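Structure assessment
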Amino acid sequence: MKSEKNILAAFILNLFFSIFEFAGGIFSGSVAIMSDAVHDLGDAASIGLSYFLERKAKKQPDSRYTYGYARYSVLGGVIATVILIVGSVFVVTNAIRKIFNPAEINYNGMIIFAVIGVIVNFLAAYFTHGGESVNQRAVNLHMLEDVLGWVVVLVGAVIMRFTNLALIDPIMSIAVAVFIFINAVKNLKTVLDIFLEKAPDNIDIAEIIHHTKEIDGVLDVHHIHLRSIDEHNVYATMHIKAAGDFADIKHKIKDELKAHGIAHSTLEFENENEDCGDKECHIHLHNHSGCGHHHH
């Protein structure tokens, strides 16, 4: 499995690299490097975690996890993102302290470490790009910021070397941390939507209902529920009041759902004089006009 090997490689690289960075931060006296070290250690932890969870997520459904294990991968995304958010807050507080009490920095040492930082992280980012799952995207986001962070540190170190403006060091830390924080929060929202069983944003329920009602023999559609297990697998359940050949109608509805990217569906049929007994089964459609529900 390509993704697993990549994640493992990135984990090993990051772990060794963060140890190397702590040494570099102590040697050069730079907070930007020290905070990168903390950040990388957090990355290593979350990557290690997502390696195990990604493997578990690939397991087939069984009698205990009937929907499969895909959510484990999503859980990895949550934990990785939370680590990033906490890490970026830590970096900012550290940097603010440094603005008020600047310390001596060894600029040449800092430049050398930053060059190595850019190279190592570029390799790690290259290994992890092109991931499919939320989890792998979180890992790759980590990598990209690391490259970015080191490029910033390198440029800053060179400027400080020639201008002696020690203030640049903490300012760089803060800039990178804010960028990471904003991306992490966006990622967290995607993941929480999945856990909260929110219907995927790219699926138009009103359109599905409208098209389904146009199928010959379909009298009414209700009890529609959509849920996504991870980002890719969407499940749908619905009740269809119909007259005619149920098998034929069922295939047509399944085709309609497939056209909307829903591969797993469970359909319950009722004939026209059957009452589903549930008065609460009509969902309210948000801001869709001309497509209201008519109670028969």
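Bear in mind the structure is a predicted one, so any value in this text is a computation, not a measurement.

Looking now at helix α2 (residues 31-57). Helix length check: α2 (27 residues) gives 38 Å between terminal C-alpha atoms against 39 Å at 1.5 Å per residue, within 8%. Of all 27 residues that make up α2, 19 are buried, and the element is covered over most of its length.

Turning our attention to the environment of Ile12. Inspection of the secondary structure assignment puts Ile12 in helix α1 (residues 2-28). Residue Ile12 is classed as partly exposed on the basis of its relative accessible area of 41%. A C-alpha to C-alpha distance of 7.7 Å links Ile12 and Ala44, two positions 32 residues apart in sequence.

Bringing the pairing of strand β1 (residues 218-228) into the picture now. The element β1 is extensively covered by neighbouring structure, given that nine of its 11 residues are classed as buried. Alignment of β1 against strand β2 (residues 234-242), held across eight bridges, turns out to be antiparallel. When the bridges of β2 are listed, Arg227 appears paired with Tyr235. What sits between the antiparallel neighbours β1 and β2 is a turn of five residues.

Right, let's talk about the side chain of His260 for a bit. Structurally, His260 is set in the loop between α8 (246-259) and β3 (264-270). Here the side chain of His260 touches Glu256 through a polar contact of 3.0 Å, side chain to side chain.

What follows covers the sheet that holds β3. Across a sheet, paired strands are connected by hydrogen bonds in the backbone, their directions being either parallel or antiparallel. The three strands lie next to each other as β1-β2-β3, forming an open sheet whose pairing is mixed. In this open sheet, the two edge strands, each paired with only one partner strand, are β1 and β3. Strand-to-strand twist of the sheet, defined as the mean angle between neighbouring strand axes without regard to direction, takes the value 15°. Strand direction decides the pairing type here: β2 and β3, joined by seven bridges, are parallel. Note on β3: the bridge partner recorded for Ile240 is Phe269.

Turning to the pattern of salt bridges, a few remarks are in order. Applying the stated rule across the entire model yields eight salt bridges. As a salt-bridge pair, Glu197 and Arg227 come within 2.8 Å of each other at their nearest N and O atoms. Here Glu197 is found in the loop between α6 (168-195) and α7 (205-214), whereas its partner Arg227 is found in strand β1, with 30 residues between them in sequence. The closest approach of N and O atoms between Lys198 and Asp201, which form a salt bridge, is 3.3 Å.

Conventions adopted
Residues numbered from 1 in each chain as written. Predicted model: local features only at pLDDT ≥ 70, side-chain atom pairs only at ≥ 80, totals over all residues. Heavy atoms only, no water. Helix = DSSP H or I, 4+ residues; strand = E, 2+ residues; numbered from the N terminus. Expected span 1.5 Å × (residues − 1). Buried < 20%, exposed > 50% of the residue type's maximum accessible area, 1.4 Å probe, protein only. Pairing = 2+ DSSP bridges. Polar contact = N/O pair within 3.5 Å; in protein donor to acceptor, adjacent residues only side chain to side chain. Axes fitted to C-alpha atoms, helices over the stretch in contact; angles between N-to-C directions. Salt bridge = Lys/Arg side-chain N within 4 Å of Asp/Glu carboxyl O.

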